[in-house]
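Letter by letter, the chains look like this.
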Amino acid sequence: RETGIPVDRILISSTHTHMAPAAMMCLGCPADEPYLQYVPERVAKSITEAYQKQQSAKVGWVVVDGSGLTHCRRWITRSDQMGMDPFGQRTVRAMMHPGYQNSAYTSPAGPVDPWLSVLSVVSSEDESPICIMANLSMHYFGGAGFSADYFGEVALAIKQHTEEKHKKKFPDFVGIMSQGTSGDLHWMDYSQPRKGISRKQYSELVANRVIDALSLIEYRADQTLGMAEKRLSIGLRTPSRDRLQWARPLNAGRGDLPPRNRPEVYAQQAEWIQKNPVAEVVLQAVRIGELGITAIPNEVYGITGLKLKRQSPLASTFNLELANGAAGYIPPPEQHLLGGYTTWPARTAGLVPEAEPLIVETLLTL
């Protein structure tokens, strides 16, 4: 209402933390209602403030190697070490976070998207920095306390490094660390011994790589812009009759209490899926010159991000996951065969195997 920007030309992507209020029901934890009232107003305010501060600008980008900053966290189990799923069946052929050099696992279950993309906007008058947006396919760092995780740390570090480089304060400058397709990617390298590193140290490594990449960018003021959106209705893998029979006594025994363990979480989600069998998936594609940006409301595996980057008709492309919603994991079809489960419940791992190729094809079409 305040800006006149059409709804289908607004892209809102989130980052990932396990140390904040719940913005949705997850892991048996209900959404934090005061937080739900707080967040939309703040997001809207940031958009209107940015709109009011528009100025003539140049834009440029670069893609550099981010190897070593992200690794596959989903590993294939040895055939004689298959694990138990939350339903009491031995079906787990792959698992997130296997532990360092765990002999019960054979190899990562998928490839890594190692590319670090950096989009930079500067003033057309004196090329003073306005915004730097980085994108890396890394899940979250983790740790204790109340935190926006490494995304917030990197954003602050980018601003600090920028002001140190120019020896000048830029009060309106915005640094952004965005989340790439990282559903199965994390900073730990489980093929190697454990290394001690803090979230701040990791964030400095990422920020330094971003700042170093800026010297490779050529800025232009004549880049053309484009954006498209499509909404898909995708079915969830609904629970069988046997699964519902398994879930009902667990839910009845729990009553109004929140789930206390993994089986109870999955039991709660089984009945939720039965009542909500279809998810709306909002897909967007943005073009800035020969740069493409895709927006997907899911946790997307690294291989899906690589498919989009390699099949994109544009010179460079990066992906934003958890954008315009949080409709769960979308593993590629071959990953469904490995079974397993994750810390997220069935609802969020519940899209049908056909979802991933459909989403990739739709985004490439957009």
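Here, the structure is the one placed above.
Residues numbered from 1 in each chain as written. Predicted model: local features only at pLDDT ≥ 70, side-chain atom pairs only at ≥ 80, totals over all residues. Heavy atoms only, no water.

Draft legend 1. Seen up close, the nonpolar core. Counting residues in hydrophobic clusters, the biggest one holds 35 residues, and the most contacted among them are Val118, Leu136, Tyr150, Met177, Tyr202, Val206 and Val210. Sorting the residues of this core by element identifies strand 1 (57-65), strand 8 (115-123), strand 9 (129-136), helix 2 (149-166) and helix 3 (199-213) as the ones contributing at least two each. At six residues, helix 3 tops the list of elements feeding residues into this core. Those residues in contact with valine 206, other than ones at most four positions away along the chain, are Leu69, Leu136, Tyr150, Val154 and Met177. Leu232, Ile234, Leu236 and Val360 belong to the second-largest nonpolar core, a separate cluster that totals 16 residues. (Core = buried A, V, L, I, M, F, W, Y, C linked by side-chain atoms within 4.5 Å. Buried < 20%, exposed > 50% of the residue type's maximum accessible area, 1.4 Å probe, protein only. Helix = DSSP H or I, 4+ residues; strand = E, 2+ residues; numbered from the N terminus. Contact = heavy atoms within 4.5 Å.)

Draft legend 2. View of the pattern of salt bridges. Tallied over the entire structure, the rule returns 13 salt bridges. Linking arginine 231 and glutamate 280 is a salt bridge whose minimum nitrogen-to-oxygen distance equals 3.2 Å. Separated by 49 residues along the polypeptide, arginine 231 in strand 12 (residues 225-235) and glutamate 280 in strand 13 (residues 278-288) bring together distant segments of the chain. Given the relative accessible area of 43%, arginine 231 is considered partly exposed. Residues joined by salt bridges that share partners form a network here, namely Glu229, Arg231 and Glu280. (Salt bridge = Lys/Arg side-chain N within 4 Å of Asp/Glu carboxyl O.)

Draft legend 3. Highlighting the packing of aromatic side chains. By the definition in use, this model includes nine aromatic pairs. Ring centres of phenylalanine 141 and tryptophan 187 lie 4.4 Å apart, and the angle between their planes is 10°; on these two criteria the pair is classed as stacked. One end of the pair, phenylalanine 141, is in the loop between strand 9 and helix 2; the other, tryptophan 187, is in the loop between strand 11 (185-186) and helix 3, with 46 residues separating them in the sequence. According to the relative accessible area criterion, phenylalanine 141 is buried, its value standing at 8%. For tryptophan 187, a relative accessible area of 15% gives the class buried. Judged by centre distance (6.3 Å) and plane angle (85°), the ring pair of tyrosine 301 and tyrosine 329 falls under edge-to-face. One end of the pair, tyrosine 301, is in the loop between strand 15 (299-300) and helix 6 (302-311); the other, tyrosine 329, is in strand 17 (residues 329-330), and 28 residues separate them in sequence. Overall, the relative accessible area of 2% leaves tyrosine 329 in the buried class. (Phe/Tyr/Trp six-rings, centres within 6.5 Å; stacked < 30°, edge-to-face > 60°.)

Draft legend 4. Structural view of the packing of helix 2 against helix 3. Running from N to C, helix 2 and helix 3 cross one another at 50°; their axes reach a closest spacing of 8 Å. One way to sum up the angle between helix 2 and helix 3 is to call them oblique. Helix-helix and strand crossings are classified by hand; for helix 2 and helix 3 the assignment is right-handed. Facing Asp149, Tyr150, Glu153, Val154, Ala157, Ile158, His161 and Thr162 of helix 2, the residues of helix 3 in contact are Arg199, Lys200, Tyr202, Ser203, Glu204, Val206, Ala207, Asn208, Val210 and Ile211. (Axes fitted to C-alpha atoms, helices over the stretch in contact; angles between N-to-C directions. Parallel < 35°, antiparallel > 145°, perpendicular 65-115°, else oblique. Left-handed = near helix turned anticlockwise from the far one by under 90°.)

Draft legend 5. Summary view of the pairing of strand 10 (residues 174-179). Relative to strand 10, strand 9 is paired through six bridges, and the arrangement is parallel. Pairing of methionine 133 across the sheet is with isoleucine 176, part of strand 10. For the crossover that starts at strand 9, traverses helix 2 and ends in the parallel strand 10, the hand is right-handed. (Pairing = 2+ DSSP bridges. Right-handed = clockwise from strand over helix to strand, strands pointing away.)

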